[in-house]
Amino acid sequence: MGNGRQREALGYALAAVGLWSTVASAFKISLRYQNPESLLFYAAWASLLFFALLLWKERRFSEAAALIRRYPGRILLLGAINPFIYYLSLFHAYTLLPAQEAQAINYSWGILLALLSVPVLHQKLRRRDLIAGALCYLGVLVIATRGDLLSLHFHNTSGLFYALASTLLWALYWLFNTRIEAEPLPLLFLNFLVGTLLLTLYLLLSGTGITFPPLAGLSGALYVGLFEMGITFVLWLKALKLAPLTATVSNLIYLSPFLSLLFIHFIVGEEIFPSTVVALGLILGGLWIQNSSVASSKNA
């Protein structure tokens, strides 16, 4: 029975990891046909409708209503961060940087989450946290300089700024999530309801406007909305719920960045820089140290 559940959990997890590995390529290709605002508009609406259908199917709209009554300010804040400001920053990073660099920098959010937990959640900063942070941000520096560390010449300062801003926003999003007691699905629905409406208002009031992209761009946006923001999340949740040993599932996420590089090379057509591979190794090494630190503290 346990082995059957574990195999089923691994199946869901591998499906989620496989889909997440494609999204960096989907971002880059979709942005060839539209600006970041347009991509986010259609992707967010697709994701919102998906979460609404799930809530309707499971008859859980009452949970969402209870959440908005209990945490109105926090729900507004979380929705403003994700999907609105976070994905705008992320998509601007993908517009300005090669996909391989933007996605590698994005993985450093986990270290920033640990560092921000010290002032926000009053957790203790350990030596291993500092080592992990140093490795991660050395990796970011390798990416920004494309391996020429001594020159300190950043190839695209604006792209680097947007990429790092997205990691800060994503880390803050998860920190603020700890202040809300809620099931993930109703909370995500409310996040996307608020964020999508704020984005729509922003497009209408700022003069940016809502444009209809070519079919290729619209298809890409729908893919991003469903497989970056929607269906893949459900697959991952199923994997975590079914797995007798969560670690055997959660560790699979480390496959995603390397699979993503393959998709970026063969689908997007980018030549993978040696510096990206080295930097990604440093970032994932830092995350491994950080996660092993968390695991050891839990065991203690």
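Preceding block: the structure.
Here goes a summary of the coordinates provided. Just so we're clear, the structure is a prediction, and the values are computed from it rather than from any experiment. (Residues numbered from 1 in each chain as written. Predicted model: local features only at pLDDT ≥ 70, side-chain atom pairs only at ≥ 80, totals over all residues. Heavy atoms only, no water.)

Describing the overall build of the protein chain
And then number 1: Helix and strand content of the protein chain: 15 helices and zero strands.
And then number 2: Based on the C-alpha atoms only, the size of the protein chain along its principal axes is roughly 55 × 50 × 40 Å.
And then number 3: Every one of the 300 residues in the protein chain was classed for burial, and the buried ones make up 49%.
And then number 4: Residue pairs in contact within the protein chain that sit at least 24 positions apart in sequence constitute 84% of those at least 6 positions apart.
And then number 5: For the protein chain, the exposed surface amounts to about 14,600 Å²; the carbon and sulfur share of it is 68%. (Helix = DSSP H or I, 4+ residues; strand = E, 2+ residues; numbered from the N terminus. Buried < 20%, exposed > 50% of the residue type's maximum accessible area, 1.4 Å probe, protein only. Contact = heavy atoms within 4.5 Å. Areas by Shrake-Rupley, 256 points an atom, 1.4 Å probe, with all protein chains shown as cover.)

Re the pattern of salt bridges
And then number 1: Tallied over the full model, the rule gives two salt bridges.
And then number 2: Where Arg60 meets Glu58, a salt bridge forms, and the shortest distance between an N and an O atom there is 3.0 Å.
And then number 3: Exposure remark for Arg60: the relative accessible area of 16% places this residue in the buried category.
And then number 4: Connected through shared salt-bridge partners, Glu58, Arg60 and Glu63 make up one network. (Salt bridge = Lys/Arg side-chain N within 4 Å of Asp/Glu carboxyl O.)

Things to note about helix H10 (residues 184–205)
And then number 1: Taking 1.5 Å as the rise per residue, H10 with 22 residues should run 32 Å; its terminal C-alpha atoms sit 31 Å apart, in good agreement.
And then number 2: Directly beyond the C-terminal end of H10, a positive phi value near 90° is found at Gly207. (Expected span 1.5 Å × (residues − 1).)

Things to note about a nonpolar patch on the surface
And then number 1: A cluster of nonpolar side chains, Leu14, Leu255, Leu259, Leu262, Phe266 and Ile267, forms an exposed patch at the surface whose accessible area comes to about 580 Å².
And then number 2: No other element matches helix H14 (residues 256–268), which puts four residues into the nonpolar patch.
And then number 3: Within the secondary structure layout, Phe266 lies in helix H14.
And then number 4: With relative accessibility at 65%, the residue Phe266 sits in the exposed group. (Patch = residues over 30% accessible without salt bridge, like charges linked within 9 Å, V, L, I, M, F, W, Y side chains within 5 Å.)

Some words on the nonpolar core
And then number 1: With 74 residues, the main nonpolar core has Leu40, Phe51, Phe91, Tyr94, Phe189, Val224 and Met229 as its most contacted residues.
And then number 2: Looking at this core, the element that brings in the most residues is helix H3 (residues 36–58), giving 12 residues.
And then number 3: Formed by 11 residues, the second largest nonpolar core is a distinct cluster that contains Ala16, Val17, Trp236 and Leu242. (Core = buried A, V, L, I, M, F, W, Y, C linked by side-chain atoms within 4.5 Å.)

Remarks on the side chain of Asn177
And then number 1: Looking at the secondary structure, you find Asn177 in helix H9 (residues 157–177).
And then number 2: Accessibility expressed as a relative area gives 12% for Asn177, which makes it buried.
And then number 3: Setting aside its immediate chain neighbours within four residues, Asn177 contacts Leu78 and Leu187.

A short note on the environment of Gly11
And then number 1: Tracing the sequence through the fold places Gly11 in helix H1 (residues 2–20).
And then number 2: A relative accessible area of 38% places Gly11 in the partly exposed class.

So, the packing of aromatic side chains
And then number 1: Applying the stated rule across the entire model yields 20 aromatic pairs.
And then number 2: Measuring from ring centre to ring centre gives 6.5 Å for Phe41 and Trp45, while their planes differ by 70°; the resulting arrangement is edge-to-face. Separated by four residues within a single helix, Phe41 and Trp45 lie in helix H3, roughly one turn from each other.
And then number 3: With a relative accessible area of 10%, Phe41 lands in the buried category.
And then number 4: When its relative accessible area of 30% is taken as the criterion, Trp45 is described as partly exposed.
And then number 5: When the ring of Phe84 is compared with that of Tyr202, the centres are 5.8 Å apart and the planes differ by 55°; the resulting orientation is tilted. (Phe/Tyr/Trp six-rings, centres within 6.5 Å; stacked < 30°, edge-to-face > 60°.)

Re the environment of Leu252
And then number 1: Along the chain, Leu252 turns up in the loop between helix H13 (246–250) and H14.
And then number 2: Taking C-alpha positions, Leu252 is 7.2 Å from Val17, a pair spaced 235 residues apart along the chain.
And then number 3: With residues near it in sequence (within four places) discarded, Leu252 still touches Leu10, Ala13, Leu14 and Val17.

Some remarks on the packing of helix H7 (residues 109–121) against helix H8 (residues 127–145)
And then number 1: Where H7 contacts H8, the axes come no closer than 10 Å and their chain directions differ by 145°. Judged by the twist between their axes, the crossing of H7 over H8 is left-handed. Mapping the contact onto sequence places Ile111, Leu112 and Leu115 in H7 and Asp129, Ala132, Gly133, Cys136 and Tyr137 in H8.
And then number 2: Residues belonging to the contact of H7 with H8 are distributed by class as follows: six nonpolar, one polar and one charged. (Axes fitted to C-alpha atoms, helices over the stretch in contact; angles between N-to-C directions. Left-handed = near helix turned anticlockwise from the far one by under 90°. Nonpolar A, V, L, I, M, F, W, Y, C, P; charged D, E, K, R; others polar.)

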